[in-house]
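Residue strings, one per chain:
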Amino acid sequence: MALTVVRFLFPARTTAVRAGSVVQKAGIHSSPGRSLEYGWWAYILGERTTPRFKQYSKIITIDGNLASGKGALAQKLADKLGMLYMPEADTFYVDRMTGEKEPLPRDFNGMCSLEKFYADPKAADGNSYRLQLWMYTMRLLQYSDAIEHLLATGQGVILERSPFSDMVFLDAMFNQGYIRKECVNHYNEIKTISICEFLPPHLVLYIDQPAEEVQKKLKQSGKPHLQNVSLQYLKSIEDSYKKTFLPSIRETSELLVYDTTQTQDVERVVEDIEYLKFDKGPWLEQDDISYHYMRKLVQDKQRIGSLTHIPVFLPEITIGAHDYDQKYYAYRALPGKNYARGYNADVGDKYIWLK
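Residues numbered from 1 in each chain as written. Predicted model: local features only at pLDDT ≥ 70, side-chain atom pairs only at ≥ 80, totals over all residues. Heavy atoms only, no water.

K.L.:
In this structure, what is going on with the environment of Trp283? I would like to understand it.
P.N.:
Within the secondary structure layout, Trp283 lies in the loop between α10 (266-275) and α11 (288-298). Along the primary structure Trp283 and Lys58 are separated by 225 residues, whereas in three dimensions their C-alpha atoms are 9.6 Å apart. Those residues in contact with Trp283 that sit more than four places away from it in its chain are Ile59, Leu150, Leu199, Pro200, Pro201, His202, Tyr291 and Met294. A distance of 2.6 Å separates a polar side-chain atom of Trp283 from the backbone oxygen of Pro200. (Helix = DSSP H or I, 4+ residues; strand = E, 2+ residues; numbered from the N terminus. Contact = heavy atoms within 4.5 Å. Polar contact = N/O pair within 3.5 Å; in protein donor to acceptor, adjacent residues only side chain to side chain.)

K.L.:
Hey, could you run me through the pattern of salt bridges in this one?
P.N.:
Pairing is possible between side chains of opposite charge, provided their charged atoms come close. This structure, assessed with the given rule, holds 19 salt bridges. One salt bridge in this structure joins Arg139 and Asp166, with 2.7 Å as the shortest N-O distance. Of this pair, Arg139 sits in helix α5 (residues 127-153) while Asp166 sits in the loop between β5 (157-160) and α6 (167-175); the two residues are 27 residues apart in sequence, bridging distant segments of the chain. Neither Arg139 nor Asp166 differs from the other in exposure class; each is buried. (Salt bridge = Lys/Arg side-chain N within 4 Å of Asp/Glu carboxyl O. Buried < 20%, exposed > 50% of the residue type's maximum accessible area, 1.4 Å probe, protein only.)

K.L.:
I would appreciate a short explanation of the packing of aromatic side chains in the present structure.
P.N.:
Aromatic ring pairs are defined here through the distance separating the ring centres and the angle between the ring planes. Applying the stated rule across the entire model yields 16 aromatic pairs. Plain terms: the ring middles of Tyr206 and Tyr241 are 5.0 Å apart, the flat faces sit at 50° to each other, and that makes the pair tilted. Taken together, the residues Tyr206 in strand β6 (residues 203-208) and Tyr241 in helix α9 (residues 231-249) connect sequence positions 35 residues apart. Assessed through its relative accessible area of 0%, Tyr241 is described here as buried. (Phe/Tyr/Trp six-rings, centres within 6.5 Å; stacked < 30°, edge-to-face > 60°.)

K.L.:
What is the right way to look at the side chain of Ser236 in this model?
P.N.:
Of note, Ser236 is situated in helix α9. Look at Ser236 and you get buried, because its relative accessible area is 8%. If near-sequence neighbours (up to four positions away) are discounted, Ser236 is found in contact with Ala172, Asn175 and Gln176.

K.L.:
I'm lost on the pairing of β5 in this one. Help?
P.N.:
In summary, the side chains of a regular strand alternate between the two faces of the sheet. Because side chains alternate across β5, one face comprises the buried residues Val157 and Leu159, and the other comprises Ile158 and Glu160, equally buried. The sheet contact formed by strand β3 (residues 59-64) and β5 spans 4 bridges and is parallel. Each bridged residue has a counterpart across the sheet, and for Ile60 the counterpart in β5 is Ile158. Judged from the 3 bridges that link them, strand β4 (residues 84-86) and β5 form a sheet pairing that is parallel. When the bridges of β5 are listed, Met86 appears paired with Leu159. (Pairing = 2+ DSSP bridges.)

K.L.:
Would you take a moment to explain helix α2 (residues 70-81) for this structure?
P.N.:
Two residues of an α-helix separated by three or four positions point the same way, owing to the 3.6 residues in each turn. Taking 1.5 Å as the rise per residue, α2 with 12 residues should run 16 Å; its terminal C-alpha atoms sit 16 Å apart, in good agreement. Among all positions of α2, only Lys70, Leu73, Ala74, Leu77, Ala78 and Leu81 are buried. Seen end-on, α2 carries its buried residues on one side only, within an arc spanning 130°. Buried residues belonging to α2 abut β3, β4, β5, β6 and α10. Gly82 lies just past α2 and shows a positive phi near 70°. (Expected span 1.5 Å × (residues − 1). Arc of directions from axis to C-beta.)

K.L.:
What exactly am I supposed to notice about the nonpolar core here?
P.N.:
Considering soluble globular proteins, one finds that nonpolar side chains tend to be buried as a cluster. Counting residues in each nonpolar core, the largest one holds 66 residues, and the members touching the most others are Ile59, Tyr129, Ile147, Ile179, Phe198, Tyr233 and Phe245. The dominant element in this core, judged by the number of residues it contributes, is α5, at 14 residues. Among the nonpolar cores identified, the runner-up in size contains 22 residues, and Leu81, Met83, Ile207 and Val269 belong to it. (Core = buried A, V, L, I, M, F, W, Y, C linked by side-chain atoms within 4.5 Å.)

K.L.:
Got a minute to help me understand the sheet that holds β3 in this structure?
P.N.:
Sheets are built from strands that pair by backbone hydrogen bonding, the pairs being arranged parallel or antiparallel. Taken in spatial order, the 5 strands make up an open sheet running β4-β5-β3-β6-β7, and their pairing is parallel. In this open sheet, the two edge strands, each paired with only one partner strand, are β4 and β7 (254-259). For this sheet the average axis-to-axis angle between neighbouring strands, irrespective of direction, equals 20°. The sheet contacts of α5 involve β3, β4 and β5, and relative to β5 the element is tilted by about 170°. (Axes fitted to C-alpha atoms, helices over the stretch in contact; angles between N-to-C directions.)

K.L.:
Before we go on, may I ask you to explain a nonpolar patch on the surface in this structure?
P.N.:
On the surface, Trp40, Trp41, Ile44, Leu45, Ile289 and Tyr293 cluster together into a nonpolar patch covering about 770 Å² of accessible area. Of all the elements in the fold, those that place two or more residues in the nonpolar patch are α1 (40-44) and α11. Take the nonpolar patch: its biggest share by element is 3 residues, from α1. (Patch = residues over 30% accessible without salt bridge, like charges linked within 9 Å, V, L, I, M, F, W, Y side chains within 5 Å. Areas by Shrake-Rupley, 256 points an atom, 1.4 Å probe, with all protein chains shown as cover.)

K.L.:
I keep staring at the pairing of β3 and nothing clicks. Help me out?
P.N.:
Burial analysis of β3 places 6 of its 6 residues in the buried class, which makes it a mostly covered element. The two faces of β3 match: Ile59, Thr61 and Asp63 on one face and Ile60, Ile62 and Gly64 on the other face are all buried. One ladder, built from 5 bridges, connects β3 with β6; its direction is parallel. Counterpart to Thr61 in the pairing with β6 is Val204.

K.L.:
Can you help me understand unusual backbone geometry in this one?
P.N.:
It is generally the case that most residues other than glycine have a negative phi and that most peptide bonds are trans. Even without being glycine, Arg161 reaches a positive phi, approximately 65°. As for its placement among the helices and strands, Arg161 is situated in the loop between β5 and α6. For Phe278, which is not a glycine, the phi torsion comes out positive at approximately 50°. On the secondary structure map, Phe278 appears in the loop between α10 and α11. You can call Phe278 buried: its relative accessible area is 15%.

Purely geometric stuff here, so don't read any function into it on its own.
Given below as structure tokens:
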């Protein structure tokens with residue numbers, strides 16, 4: 001049974017994801033767990049997207065190697081431009097989406113560990129590729145959240161990295177012998193059938209920092225799992241950015257490249273953005289009809305998650321049926337997870353008579 005890399009339950013949905021398929025649970029439409037969603041009636045009654053758009057109704061991503069200052073620049077730019085800043089997605093992004101008080105065990109978050117990857121990137125249990133595939137799924141979910149926010153409010157969004165640039169880590173892992181060629185083929189197949197559903201960022205800002213400086217900053221960070229990151233791995237990330245991602249994204253998105261010193265002058269970066277014409281890429285071809293379908297897609301997190309599932313046997317992401325059932329029922333046994341939100345007596349819900 002292929003290991004599903006998406007949480008058994010998605011936020012804002014009364015559904016369960018089992019082995020890559022969606023199983024609809026019974027629900028009562030008047031329950032407090034239901035929330036109004038954008039749909040055909042909103043469009044028929046006259047709701048349109050383009051009137052909301054202003055100068056900075058854009059999706060901007062900040063890319064670069066580890067510890068290159070992406071977060072600091074993204075936050076400052078968001079404040080200057082009046083945009084929403086979304087910190088980089090991590091392995092526990094779904095937990096934040098669902099409002100968990102604290103991160104759930106890794107068995108319910110991709111069955112992977114970032115700390116283990118840095119400690120033992122060639123682990124025989126396939127942790128490295130599970131991590132890579134899980135992170136691609138998290139970036140895809142976050143990117144859908146960013147587009148949903150843009151279309152619903154007109155406010156632009158700034159993110160750290162995106163599913164479009166996620167492949168630089170896959171390339172680096174393969175070049176360093178951390179994952180097999182079969183994993184690369186699987187990832188590329190997954191990305192081919194999923195990334196085509198999304199438009200690329202309007203603008204990509206790349207922070208160029210030599211791998212040697214990146215490694216030095218990682219050692220100074222004080223985080224134990226970052227102390228021994230391979231210099232060759234960091235160089236592979238840098239090479240993939242410069243040889244593969246940047247030439248590709250330049251064809252559809254605006255691209256600005258800075259070194260770490262230049263990013264300190266945020267006013268200059270803002271001025272450079274103001275000079276951009278944003279006169280290329282698929283966003284120019286959109287209208288209210290295409291935005292309508294786009295908005296319906298990005299609000300459906302079950303559908304987004306299903307884009308990363310194909311029926312294929314790959315040892316790194318495959319578990320047996322008994323192991324899967326054990327993890328599934330272990331998740332359902334967690335406080336508040338047995339039923340849809342609002343119906344669990346073990347966490348004090350008051351609507352258990354409806355379950």
